[in-house]
Amino acid sequence: MSAPATVRKTPSAKSPAETLWDLAREDMAAVDALILDRMQSPVGLIPNLAQHLVGAGGKRLRPLLTVSTAAMLGYKGTSHHKLAAAVEFIHSATLLHDDVVDESSLRRGKKPANLIWGNSASILVGDFLFARAFNLMVETDSMEALGILSNASSVIAEGEVHQLAALRNLKMTEADYMSVIKAKTAALFAAATEVAPVIAERPDAERAALRDYGLKLGLAFQLVDDALDYGGLESALGKSVGDDFREGKMTLPVIRALQTASEEERAFWRRVIVDHDQKPVDLETAVSYLRSAGALQSTMEMAKQFSVDAREALMVFEPSPWRDTLADLADYVVERIS
């Protein structure tokens, strides 16, 4: 099937994410109530720190995927609320841990929790949120759903360690990079969409299709984020522009720019990435090298292909507002820089 035509929306038009939110408003209200309830603790630091992140106006995209795919399948129970809340807790826990590792100055438009309460508190509250996620999974009485989300949690941790091990390594390959983002980002997207057909007791083919949808959507999402880091707006990204550059992360744009880099350009990348010797003008220079190499454009092209694949995965389902909006969301993931 050929790629769908790109539809440019007027500024006043709702995005597919906003349309999904409208469709799932009651479900997401139930999920938010669960999140608020389960992040409470008599230890005051825990809800205060958790609220700083969880209540910071994040998109709640991953739990939205869980309730939306469940609704698309006609699921009538309430286990999807608990699983969606668990997905958000897993995501939030990884963000708390990531901010300690990455030393970012911005998270969801705010100062990250570790810069307010310290690294130790952020790590421990992240552990608390992981535990809460597992509490919620167990309450659904679905061993399959528990297996999917617990496996995703371990895969995410492996991806983060893999990325840390590759930090400032100019020899990182595209295959290594794809392995990292498949683990640290796409795995949770895939799990968030795969649990719906499990609790809805749908056929294996539908479970595989929704897992593939989530996986491809997550890959597209991360590729766009990595491109945005070298030229996007903080409002679109939710974090500081240039964070990956400052942290010495090897993302696809840099890997591809190095493939055709001159000696002068290689010396630049060695200085700023390997030696971590960076000057205020270096980010601008890096962006110019990435653009001249076509690395940002090729990264976005790969993201677009994954978004097409995600849309294709949904075509096994009957047309409905849920299916069609989820399909449009795949397009929107790569259009959000416009």
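Residues numbered from 1 in each chain as written. Predicted model: local features only at pLDDT ≥ 70, side-chain atom pairs only at ≥ 80, totals over all residues. Heavy atoms only, no water.

### As for the overall build of the protein
Worth spelling out the cut-off: Going along the chain from the N terminus, every DSSP run of H or I of four or more residues is numbered as a helix, and every run of E of two or more is numbered as a strand. Burial status follows relative accessibility: with a 1.4 Å probe on protein chains alone, a residue under 20% of its type maximum counts as buried, one over 50% as exposed, and anything between as partly exposed. We call two residues contacting when some pair of their heavy atoms lies within 4.5 Å. A 1.4 Å probe and the Shrake-Rupley method give the accessible areas. Residues count as covered only by the protein chains that appear here.
Scanning the protein from terminus to terminus reveals 17 helices and 0 strands. Residues classed as buried in the protein amount to 57% of the 338 residues present. Sequence separation of at least 24 residues holds for 75% of the intrachain contacts in the protein that already meet a minimum separation of 6. When the accessible surface of the protein is totalled, it reaches about 14,800 Å², and 53% of it is carbon and sulfur.

### With respect to the confidence of the model for the protein
Stated formally: As a per-residue measure, pLDDT tells how confident the predictor is, with possible values from 0 to 100.
Across the protein, the average pLDDT comes to 90, with 90% of residues at 70 or higher. This stretch, residues 1-12, has a pLDDT under 50; its non-local contacts, to residues over four places away or in other chains, come to 14 contacts. This stretch, residues 233-237, has a pLDDT under 50; its non-local contacts, to residues over four places away or in other chains, come to 10 contacts.

### Describing the side chain of Ser307
Within the secondary structure layout, Ser307 lies in helix H16 (residues 295-313). Residue classification places Ser307 among the buried residues on the basis of a relative accessible area of 4%. In this structure Ser307 touches Ala220, Ala330, Asp331 and Val334, once residues within four positions along its chain are discounted.

### Comments concerning the environment of Ala200
With respect to the helices and strands, the residue Ala200 is situated in the loop between helix H9 (174-199) and helix H10 (204-228). For the pair Ala200 and Leu73, spaced 127 residues apart in the sequence, the C-alpha separation amounts to 7.0 Å. Ignoring any residue separated from it by four or fewer positions in sequence, one finds Ala200 in contact with Leu73 and Tyr75.

### Some thoughts on a nonpolar patch on the surface
The condition is simple: Excluding any residue in a salt bridge, patches collect residues exceeding 30% relative accessible area, merging like charges within 9 Å and nonpolar Val, Leu, Ile, Met, Phe, Trp and Tyr side chains within 5 Å. Whenever a carboxyl oxygen of Asp or Glu lies within 4 Å of a side-chain nitrogen of Lys or Arg, that contact is scored as a salt bridge.
A cluster of nonpolar side chains, contributed by Val43, Leu45, Ile116 and Trp117, occupies part of the molecular surface with about 330 Å² of accessible area. Relative to the helices and strands, Val43 resides in the loop between helix H2 (25-38) and helix H3 (45-54).

### Some points on the packing of aromatic side chains
The condition that has to hold: By convention, a stacked pair of Phe, Tyr or Trp rings (six-membered ring in the case of Trp) has centres within 6.5 Å and planes under 30 degrees apart, an edge-to-face pair has planes over 60 apart, and any other such pair is tilted. Geometrically, a charge over a ring is one whose NZ (Lys) or CZ (Arg) sits within 6 Å of the ring centre while staying within 35 degrees of the ring normal.
What the rule picks out here adds up to 4 aromatic pairs. When the ring of Phe189 is compared with that of Phe221, the centres are 5.4 Å apart and the planes differ by 45°; the resulting orientation is tilted. Remark: Phe221 occurs in helix H10 and Phe189 occurs in helix H9; sequence separation between them is 32 residues. Looking at Phe189, the relative accessible area reads 0%, which means it is buried. The class for Phe221 is buried, based on a relative accessible area of 11%. Each ring, one from Tyr230 and one from Phe245, has its centre 6.2 Å from the other, and the planes form 80°; the classification is edge-to-face. Of this pair, Tyr230 sits in the loop between H10 and helix H11 (234-237) while Phe245 is found in helix H12 (residues 243-247), placing the two residues 15 residues apart along the sequence. Through successive ring pairs, a cluster of aromatic residues spans Phe268, Trp269 and Tyr289. The positively charged end of Arg62 is found above the aromatic ring belonging to Phe221, 5.6 Å away from the centroid.

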